[in-house]
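Structural overview for review
For reference, the chains in residue letters:
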Amino acid sequence: MRQIILHGGVGSSDELSPLLNKYASFSINYGDPLDAVVAAVKYLEDDLNFNAGTGSVMRLDGSIQMDASVMVDGNFGSVINIESVKNPVQVAREVMEKSPHVMLCGDGATKFAFENGHPRYDPSTERARKRLEESRVIAKNDKRFLYPGTQSVDTVGAVANFDGKIAAALSTGGSSPMMRGRVGDTPILGSGILVRDGFGIAATGIGEEIIRRQLSFDLYCARDRLEAEWKSIASNSPFALGVVGFNGKEPFVYANKSMAHGYAKLD
Ligand code: ASP
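These lines cover the structure that appears in this document, whether it is placed above or below. Keep in mind the model is a prediction, meaning the values are calculated, not measured. (Residues numbered from 1 in each chain as written. Predicted model: local features only at pLDDT ≥ 70, side-chain atom pairs only at ≥ 80, totals over all residues. Heavy atoms only, no water.)

Moving on: the side chain of Asn51. In this fold, Asn51 is placed in the loop between helix 2 (33-46) and strand 2 (66-72). Overall, the relative accessible area of 0% leaves Asn51 in the buried class. There is a polar contact of 2.6 Å between the side chain of Asn51 and the backbone oxygen of Gly174. (Helix = DSSP H or I, 4+ residues; strand = E, 2+ residues; numbered from the N terminus. Buried < 20%, exposed > 50% of the residue type's maximum accessible area, 1.4 Å probe, protein only. Polar contact = N/O pair within 3.5 Å; in protein donor to acceptor, adjacent residues only side chain to side chain.)

Structure below.
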């Protein structure tokens, strides 16, 4: 059996779920779970509704630096603060498959992408410019960048389980307000993403909170009582958090705020 589950980022409207169902039904036709999750995240990166790839939010200095990751059981790749590419998730896959490393950041990640044939691309949008004005006001009024109830985040993610073989992928422009150089949970194994022993998870929410909690690893450790662990996390977090994934064959979707998600299955 093949299954794939996508999230549109915690804070994203449920009205986007039919779109995510459509992308899930396209992606499930790929032959391999890694191909499927990368294809799904690329659809989302190219869709202006989401904060990943084209449509990514801007840093306080007006730049766009993106994070993305992919994982299968026993292998991982991520890019951190990559700039001027269309599909960071594809570069993360290439880091995993074509480089001797598992993580590349900043100029090194961007250079690696160009060397691997990704053309220079400007992911900025009018919507991102408007959001930048709002985030500059928040940052000016509160130096701690207190996020709850202020800005939405809208990272995208996908987890696929094809006959027990699991892959996950994530991509984001980050949360806002944020400084240039800030790194969230998306490219960090065990925080935003984890695939291990028949368990796969992709997380969304304020990256600082997800990293402090090692959210994905925490839920993996608690997989025998997943729902109870999630309830305890959700009731103790003032921040928006969401996860999708598979615990064995069972798909799960948990979020403490609205979160568009999509699902497809092929027997
Ligand atoms: N987790 C992402 C970050 O903090 C944002 C999101 O989930 O939308 O960079």
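Don't stop here, the text continues.
A separate point is the sheet that holds strand 5 (residues 156-162). If you walk across this open sheet you meet the seven strands as 4-3-2-6-5-1-11, and the pairing is mixed. The open sheet is flanked by strand 4 (103-105) and strand 11 (259-266), the only strands paired with a single partner. Strand after strand, the sheet turns through a mean of 5° between neighbouring axes, direction not considered. With seven bridges connecting them, strand 1 (residues 2-10) and strand 11 associate as antiparallel partners. By the bridge assignment for strand 11, Ile5 is matched with Tyr263. Relative to the sheet, helix 1 (residues 17-27) contacts strand 1 and strand 11, its axis offset from that of strand 11 by approximately 30°. (Pairing = 2+ DSSP bridges. Axes fitted to C-alpha atoms, helices over the stretch in contact; angles between N-to-C directions. Contact = heavy atoms within 4.5 Å.)

Among the 13 residues in the neighbourhood of the ligand, the closest are listed as Thr155, Asp185, Thr204, Gly205 and Gly207. Within the side chain of Thr155, a nitrogen or oxygen atom sits 2.7 Å from an oxygen atom of the ligand. One of the side-chain nitrogen or oxygen atoms of Thr204 is found 2.8 Å away from an oxygen atom of the ligand. With the chains in place, 100% of the 270 Å² that the ligand exposes on its own is no longer accessible. Grouping the amino acids of the shell around the ligand by side-chain chemistry returns two nonpolar, eight polar and three charged. (Near = heavy atom within 4 Å. Areas by Shrake-Rupley, 256 points an atom, 1.4 Å probe, with all protein chains shown as cover. Nonpolar A, V, L, I, M, F, W, Y, C, P; charged D, E, K, R; others polar.)

Here Ile82 shows up in strand 3 (residues 75-82). Taking relative accessible area as the criterion, Ile82 reaches 0% and is therefore assigned buried. Residues Ile82 and Gly108, spaced 26 residues apart in sequence, show a C-alpha to C-alpha distance of 8.3 Å. Sequence-distant contacts of Ile82, defined by excluding residues within four places in its chain, comprise Ile64, Gln65, Met66, Pro88, Val91, Ala109, Thr110 and Ala113.

With 44 residues, the main nonpolar core has Ile4, Leu6, Val37, Val70, Val79 and Ile82 as its most contacted residues. Top contributing element to this core by residue count: helix 2, with seven residues. With 28 residues, the next largest nonpolar core counts Phe76, Leu170, Leu215 and Tyr220 among its residues. (Core = buried A, V, L, I, M, F, W, Y, C linked by side-chain atoms within 4.5 Å.)

Moving on, we come to the sheet that holds strand 9 (residues 241-247). Pairing is antiparallel in the open sheet, where four strands are placed in the order 7-8-9-10. Only two strands of the sheet have a single neighbouring strand rather than two, namely strand 7 (193-196) and strand 10 (250-255). Pairs of neighbouring strands in the sheet enclose a mean axial angle of 10°, with direction left out of account. Judged from the six bridges that link them, strand 9 and strand 10 form a sheet pairing that is antiparallel. Within the sheet, the bridge partner assigned to Gly245 lies in strand 10 and is Phe252.

Our focus in this paragraph is the pattern of salt bridges. Under the definition given, this model contains 14 salt bridges. The shortest N-O distance in the salt bridge between Lys86 and Asp46 comes to 3.8 Å. Placement of Lys86 in the loop between strand 3 and helix 3 (88-98) and of Asp46 in helix 2 is noted, with a sequence separation of 40 residues between them. Of the residues examined, Lys86 reaches a relative accessible area of 35% and is grouped as partly exposed. Exposure remark for Asp46: the relative accessible area of 36% places this residue in the partly exposed category. (Salt bridge = Lys/Arg side-chain N within 4 Å of Asp/Glu carboxyl O.)

On to the pairing of strand 2. Strand 2 sits mainly inside the fold: six of its seven residues count as buried. Joining the antiparallel neighbours strand 2 and strand 3 is a turn of two residues, in which Gly74 adopts a positive phi near 90°. Pairing of strand 2 with strand 6 (residues 165-172) involves six bridges; the strand directions are antiparallel. Counted as the bridge partner of Val70 is Ala169 from strand 6.

Turning to the pairing of strand 8 (residues 199-205), a few remarks are in order. In terms of burial, strand 8 is a largely internal element, seven of the seven residues being buried. Going residue by residue along strand 8, you find Phe199, Ile201, Ala203 and Gly205 tucked away on one face and Gly200, Ala202 and Thr204 tucked away on the opposite face as well. The sheet contact formed by strand 7 and strand 8 spans four bridges and is antiparallel. For Ile193, the partnering residue across the bridge sits in strand 8 and is Ala202.

Everything listed here is a matter of geometry and, on its own, says nothing about what the molecule does.
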